[in-house]
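Remarks on the overall topology
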Amino acid sequence: MHRFANPARFMRLSAAILPWTAALSVVLLGLGIYLALFVAPPDYQQGEAVRIMYVHVPAAWLASFVYALVALTSAIALIWRHPLADIAAQSAAPLGAGFTLLCLVTGSLWGARMWGTWWVWDARLTSVLVLFFLYLGYIALVNAFDEPGRGARAGAILALVGVVNLPIIKFSVDWWNTLHQPASVFRLGGPTIAAAMLWPLLIMALGYTLLFATLLMVRMRTALLAAKLRALRLAEVEREAASLMPQQTALS
Amino acid sequence: MTRKRRRLIAVLAGLGMLGLATGLVLSAFSDNLVFFYSPTDLKEKPVPRGRELRIGGLVEAASLRHESDGKTVEFRVTDGKSDVPVTYSGALPDLFREGQGVVVEGKLDAAGAFRADTVLAKHDERYMPREVVEALKKSGHWREGEAQPEGQAQR
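Positions within a chain are numbered from 1, following the residues in the order the chain's sequence is written. Just so you know, chain letters begin at A and ligand numbers begin at 1, following the order they were written in. A pLDDT threshold of at least 70 governs which residues receive local features in this predicted model, and a stricter bar of 80 or more applies before side-chain atom pairs are shown or counted, although totals over entire chains, interfaces and linings include all residues.

**Overview of the overall build of chain A**
Formally: Here a helix means four or more residues in a row that DSSP labels H or I, a strand means two or more in a row labelled E, and each is numbered from the N terminus. Throughout, radius of gyration means the C-alpha value; the globule benchmark is 2.2 Å times the number of residues raised to the power 0.38. Counting other C-beta atoms within 10 Å of a residue's C-beta gives its exposure: the residue is buried at 20 or more, exposed at 12 or fewer, and partly exposed in between, where C-beta atoms are placed from the backbone. A pair of residues counts as a contact when their C-beta atoms, built from backbone coordinates, are separated by no more than 7 Å.
When helices and strands are counted, chain A shows seven helices and zero strands. Along chain A, helices (α) and strands (β) appear in the sequence α-α-α-α-α-α-α when read from the amino end. Against the compact-globule benchmark of 18 Å for 252 residues, chain A has a radius of gyration of 23 Å, which places it well outside the compact range. Here chain A, with 252 residues, has 38% of them falling under the buried criterion. For chain A, the proportion of contacts with a sequence separation of at least 24, taken over those separated by at least 6, is 75%.

**Side note on the pairing of strand β6 (residues 114-122) of chain B**
Residues and elements named next belong to chain B. Selection criterion: A strand pair is defined by DSSP finding two or more bridges across the two strands.
Relative to β6, strand β4 (residues 83-89) runs parallel, the two sharing three bridges. Following the sheet pairing, Thr87 is matched in β6 by Arg115. Two strands pair when backbone bridges link them, and strand β5 (residues 101-108) and β6 are joined in this way by eight bridges, in the antiparallel orientation. Counterpart to Lys107 in the pairing with β6 is Arg115. Here β5 folds back onto β6, and the loop between the two strands holds five residues, one of which, Gly112, carries a positive phi near 85°.

**Notes on the interface of chain A and chain B**
Applicable threshold: Residues are grouped as follows: nonpolar covers Ala, Val, Leu, Ile, Met, Phe, Trp, Tyr, Cys and Pro; charged covers Asp, Glu, Lys and Arg; every other residue, Gly included, is treated as polar.
At the junction of the two partners, chain A supplies 35 residues and chain B supplies 33 residues. Those elements giving two or more residues to the side of chain A that touches chain B turn out to be α2 (53-80), α5 (148-161) and α7 (195-251) of chain A. No other element matches α2 of chain A, which puts four residues into the side of chain A that touches chain B. Classifying every residue of the side of chain A that touches chain B by side-chain character gives 24 nonpolar, nine polar and two charged.

**Re helix α1 (residues 7-39) of chain A**
Here is the rule: Note on bend: the value at a residue is the angle between axes fitted to the seven residues ending there and to the seven starting there.
The largest bend in α1 of chain A comes to about 35°, at Ile17 of chain A, with the proline Pro19 of chain A one to four residues further on. Inspection of α1 of chain A places Thr21, Ser25, Leu28, Gly32 and Ala36 of chain A among the buried residues, and these make up the whole buried set.

**A look at the environment of Tyr67 of chain A**
All names here are of chain A. One can find Tyr67 in helix α2. Taking the C-alpha atoms as reference, Tyr67 lies 7.8 Å from Val163; in sequence the two are 96 residues apart. Contacts of Tyr67, omitting those with residues within four sequence positions, involve Gly96, Leu131, Gly162 and Leu166.

**With respect to the domain arrangement of chain B**
For clarity, the threshold we go by: These domain limits were set by an automatic method or by a database of domain assignments.
Each assigned domain of chain B is listed with its residue range as follows: domain 1 (1-33) and domain 2 (39-153). The centre of domain 1 of chain B, based on its C-alpha atoms, is set 39 Å off from the matching centre of domain 2 of chain B.

**A short note on the environment of Ala36 of chain A**
Residues and elements named next belong to chain A. Secondary-structure assignment places Ala36 in helix α1. Judged by local crowding, Ala36 falls into the buried class, with 20 C-beta atoms found within 10 Å. Taking the C-alpha atoms as reference points, Ala36 and Ala112, separated by 76 residues in sequence, lie 20 Å from one another. Not counting the four nearest positions on each side in its chain, Ala36 is found in contact with Arg51, Tyr54, Pro200 and Met204.

**Things to note about the pairing of strand β3 (residues 72-78) of chain B**
All names here are of chain B. Pairing of strand β1 (residues 53-59) with β3 involves two bridges; the strand directions are antiparallel. Bridge assignment links Leu58 to a residue of β3, and that residue is Thr78. Both strand β2 (residues 65-66) and β3 contribute to a ladder of two bridges, which runs antiparallel. Note on β3: the bridge partner recorded for His66 is Val73. Once β2 ends, the chain turns through five residues before running back antiparallel as β3, passing Gly70 with a positive phi of about 85°. Across seven bridges, β3 lies against β4 in antiparallel orientation. Each residue of the ladder has a partner; that of Thr78, found in β4, is Asp83.

**Observations concerning helix α1 (residues 2-28) of chain B**
Put simply, the test is: Each helix should span, by expectation, one fewer than its residue count multiplied by 1.5 Å.
Between the first and last C-alpha of α1 of chain B there are 39 Å, a value that for 27 residues agrees with the 39 Å anticipated at 1.5 Å per step. The element α1 of chain B is barely covered by neighbouring structure, given that only zero of its 27 residues are classed as buried.

**With respect to the nonpolar core**
Condition: When buried Ala, Val, Leu, Ile, Met, Phe, Trp, Tyr and Cys residues are joined through C-beta atoms within 7 Å, the set is termed a nonpolar core.
In this structure, Ala63, Val66, Val70 and Ala89 of chain A together with Val104 of chain B are the most contacted members of the largest nonpolar core, which totals 87 residues. If you tally residues by element for this core, the top one is α2 of chain A, at 18 residues. Apart from the residues within four sequence positions on either side, Val66 of chain A is in contact with Ala92, Leu95, Gly96, Phe99 and Phe212 of chain A.

**A word on the environment of Cys103 of chain A**
Residues and elements named next belong to chain A. With respect to the helices, strands and loops of the structure, Cys103 is situated in helix α3 (residues 83-114). C-beta crowding within 10 Å serves as the criterion here: with 23 such atoms nearby, Cys103 is assigned to the buried category. Beyond its immediate stretch of four places on either side in the chain, Cys103 contacts His56, Ala59, Ala60, Ala63 and Val128.

**Some thoughts on the packing of α2 of chain A against α1 of chain B**
Let me state the cut-off plainly: Orientation is described by lines fitted to C-alpha atoms, with helices fitted over the stretch in contact, and by angles between N-to-C directions that extend from 0 to 180 degrees. Put simply, angles under 35 degrees are roughly parallel, angles over 145 are roughly antiparallel, angles from 65 to 115 are roughly perpendicular, and the rest are oblique.
Packing of α2 of chain A against α1 of chain B brings their axes to within 8 Å, and their N-to-C directions diverge by 140°. Between α2 of chain A and α1 of chain B, the crossing angle belongs to the class labelled oblique. Residue-level contacts link Ala75, Leu78, Ile79 and Trp80 of chain A of α2 of chain A to Lys4, Arg7, Leu8 and Val11 of chain B of α1 of chain B. Counted by class, the contact of α2 of chain A with α1 of chain B contains six nonpolar, no polar and two charged residues.

**Considering the packing of helix α4 (residues 123-142) of chain A against helix α6 (residues 165-175) of chain A**
Residues and elements named next belong to chain A. Here is the rule: In this scheme the crossing of two helices becomes right-handed for a clockwise turn of the near helix relative to the far one and left-handed for an anticlockwise turn of less than a right angle.
Where α4 meets α6, the axes come as close as 8 Å, and the angle between the chain directions of the two elements is 160°. Taken together, α4 and α6 sit at an angle that is classed as roughly antiparallel. For the pair α4 and α6, the sense of crossing is left-handed. Between α4, through Ala123, Arg124, Ser127, Val128, Val130, Leu131 and Leu134, and α6, the contact on the second element is made entirely by Asn165, Ile168, Ile169, Ser172 and Val173. Residue classes in the contact of α4 with α6 are distributed as eight nonpolar, three polar and one charged.

Okay, structure coming up:
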């Protein structure tokens, strides 16, 4: 793990991978949206409205997956102090917040159409809203300190505390009565979704994942370059100060 | 090395305690975390009349009646073991029909009938094209709304 936690190596590696993940995510998302809107059959109960699923479900998966990643990199940052771990967590969090918001908005539209309500306070919907606030809290906390190191430490602890919410989101539909239906894909006994609808969904999910990987690498690269720039500026200021010093002492 | 190890143990222990605490809290409040009660729950734990609550289940087959005013409906919500009569007047969701999962919000009246202010449709976790459902029905492998009452009957 130390080998990949080297920022210089990460810059080289990500520069090589980035064009491929970017291109592949565009292709998969394009194909996925085409399949979802034009090829996949309408549902026996929900008719054409089921097509919201192809946008909503991958966003929900990514919302949880990205949070797990933020928590994992936060733990690595806290325990092993890897230089890249904090940057990875802080770069991933706003992306995860975006996926969560997309999940909430598309879910609300879907609910209005199928359930007859935009929002209910059932365990699934509420726990996903809590996930969204955890993301926002993490982002706010990381940026609330003058010294970046302390913000990163506080944020990492919050990210770890929030991990308890992930199993609650996943199993809320099994533990309690909810308006939201139980899992259709990742469940014991196999998916309860027809193959003609499962394939477009999985292609969309892969497209979302690659899009996330692409954006994460772009954000991490930007953060590393910004840190480098800051260090260079600081060094320059110090050099200038050092060159001014002898004159000042001479004057006084 | 030892400091890293100590931090690792601290993080793992912290997460373990947190998980345990959350588990205890959730299991203590589990009765209040349900979104609705089943008709059987209602029989076993009677609630005071006039209290706002939600009941979930399937719209019983051949129980749906439209009143002459054109907007009031009567139907029974069942979980397979017991059922509750419901009256409601207002717009129904598109998915609403006999055999469909519903959650109704409202109050029990003195006669033990449920007066709903809101009717929400609940769909199951099965997604499939119409043709597949028809083929399953033809071959006798289709069970109407099977996924839902199973889950509710346990509670």
